[in-house]
Amino acid sequence: MSFRMRCMPSGSLPNRLKVGRYAGFTLRWNSTVTRDPMTGEFTALPDIEPARLQVQKTDSPRPPPPASNLVFGHTFTDHMLTISWSARTGWDTPKIVPYGPLSLYPSTSVFHYAQTIFEGMKAYRDEKGKVTLFRPDMNMKRMNSSAQRVALPTFNGDALLHLIKELIRLDKHWIPQQKGYSLYVRPTMIATEAAIGIHPPADALLFVICSPVGPYYPRGFKPVGLYGTTEYVRAAPGGTGAYKLGANYAPCVVAQKEAAKLGYEQNLWLYGPEHNLTEVGTMNLFVVFKTEDGSAELVTPPLDGMILPGVTRDSVLALAKDHASGKYKIPGLSDKLVVSERPVTMKEVKQASQDGRLVELFGTGTAAVISPVDRIGYMGEDVLIPTGPDGMGPVSKPIWQELVGRQMGSIPSEWSVLVTE
Ligand SMILES: Cc1ncc(COP(=O)(O)O)c(C=O)c1O
């Protein structure tokens, strides 16, 4: 009998094993072994098991609204996936049920200590009706790493992905036909132990909801202005910036609000005495400098624990690196490209802007894919950033075309994972 990877909150169970065979079970590196309190026997708790899925379809399916009426994150499909977990019995039966409210006691720990993590990914439908996800394995890995950071239970990512595909297949008619539309998929996990007190939760709930969404830029790219936030930090060394925790987002709202009050669309998270650029609102960040030999240097801050390891960031980097090395050429992108993961400061960006060496600056994320920036409000003045005629720069535009082609299926890619033909 084989049990898959799992990791439990430390101290929640009396016995834990990392690897090997135990009591006749083949165990992966973080299988959880516990001793039955009654019999003293060693047992392994069940992981998420797609074969146990129970589906209860809605009795009152809703007609999806016209695509033109969609507001991001406001409309949800007919069904949701729920899987509950307990430290005593592991992952329970996965269920697809009608989308609806959860019933939780006011004492539930998620309400008090923000023990909640989430993911964001999109399902795309091509003209022939084929539905795909883009690099969903990365979301599963990131969700497990977020879970581990806040002592929520981990799970087999392949098993959850299998169930997410089932949910998408059931609600695929909610993905609008129009170009640029998709289904935003939001896996979430919350601690559901109904008790006050901060410790690894004894109970948790994993749920997945889906929301049809439109293109981020329905009327062409519109570069945004950023306010360089120096009053607050999003993340710090040893903190939680590299994880997708609900707790990381609530404190950002004030900074965003203040940026908006000053007339900027987003805020730019700066860190440290040198005002290192880290992230743009809830996106990763790239800067392009012109180098002395006339090449373009595409720079993004390294994954130093303060940066969320974005799927889009990783994809932009992988495409740009393959282009620079000659492994895979992106049409329209200059050969003179250098790709760097290194710290970048406001002093460097400001100087490059003054010297005419700043080529472009953009954010990356699942929602917008690439979001060009045309100015940064910094210490009382605006640092100006060039943008191309249609809003995008000479490096981001070809990369965006390649990325979107792979997401939508017009460019074949192993990153595109089939949900249904
Ligand atoms: C803080 C933050 N940074 C970056 C990203 C971009 O990540 P991804 O490309 O995986 O959407 C997100 C969105 O998930 C985010 O919330």
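The following refers to the structure shown. (Residues numbered from 1 in each chain as written. Predicted model: local features only at pLDDT ≥ 70, side-chain atom pairs only at ≥ 80, totals over all residues.)

### Looking at unusual backbone geometry
A negative phi angle characterises most non-glycine residues, just as the trans form characterises most peptide bonds. Which entries qualify depends on this criterion: The helix and strand labels rest on DSSP assignments: H or I over at least four residues marks a helix, E over at least two residues marks a strand, and numbering proceeds from the N terminus. Three exposure classes are used, based on other C-beta atoms lying within 10 Å of a residue's own C-beta, which is placed from the backbone: buried for 20 or more, exposed for 12 or fewer, and partly exposed in between.
Positive phi, normally seen in glycine, also occurs at Ala114, with a value near 55 degrees. Note on placement: Ala114 falls in the loop between helix H1 (109–113) and strand E10 (116–118). Unusually for a residue other than glycine, Ala151 sits at a positive phi of about 60 degrees. With respect to the helices and strands, Ala151 occurs in the loop between helix H2 (136–149) and helix H3 (157–170). Residue class for Ala151 comes out partly exposed when judged on the 19 C-beta atoms lying within 10 Å of it.

### Looking at the environment of Lys179
Within the fold, Lys179 resides in the loop between H3 and strand E13 (182–191). Classification of Lys179 as exposed rests on a count of 8 C-beta atoms within 10 Å.

### Overview of the pairing of strand E22 (residues 369–378)
Threshold: Two strands form a pair only when DSSP identifies at least two bridges running between them.
In this structure, strand E15 (residues 224–229) lies alongside E22, joined through four bridges in parallel fashion. Bridge pairing links Tyr227 to Gly377 in E22. By the bridge criterion, four bridges tie strand E21 (residues 358–365) to E22 in an arrangement that is antiparallel. For Gly365, the partnering residue across the bridge sits in E22 and is Val369. The turn linking E21 back onto E22 is made up of three residues. When E22 meets strand E23 (residues 381–384), the two strands line up antiparallel, connected through four bridges. For Arg375, the partnering residue across the bridge sits in E23 and is Leu384. Connecting E22 to the next strand, E23, in antiparallel fashion are two residues, including Met379 with a positive phi near 50 degrees.

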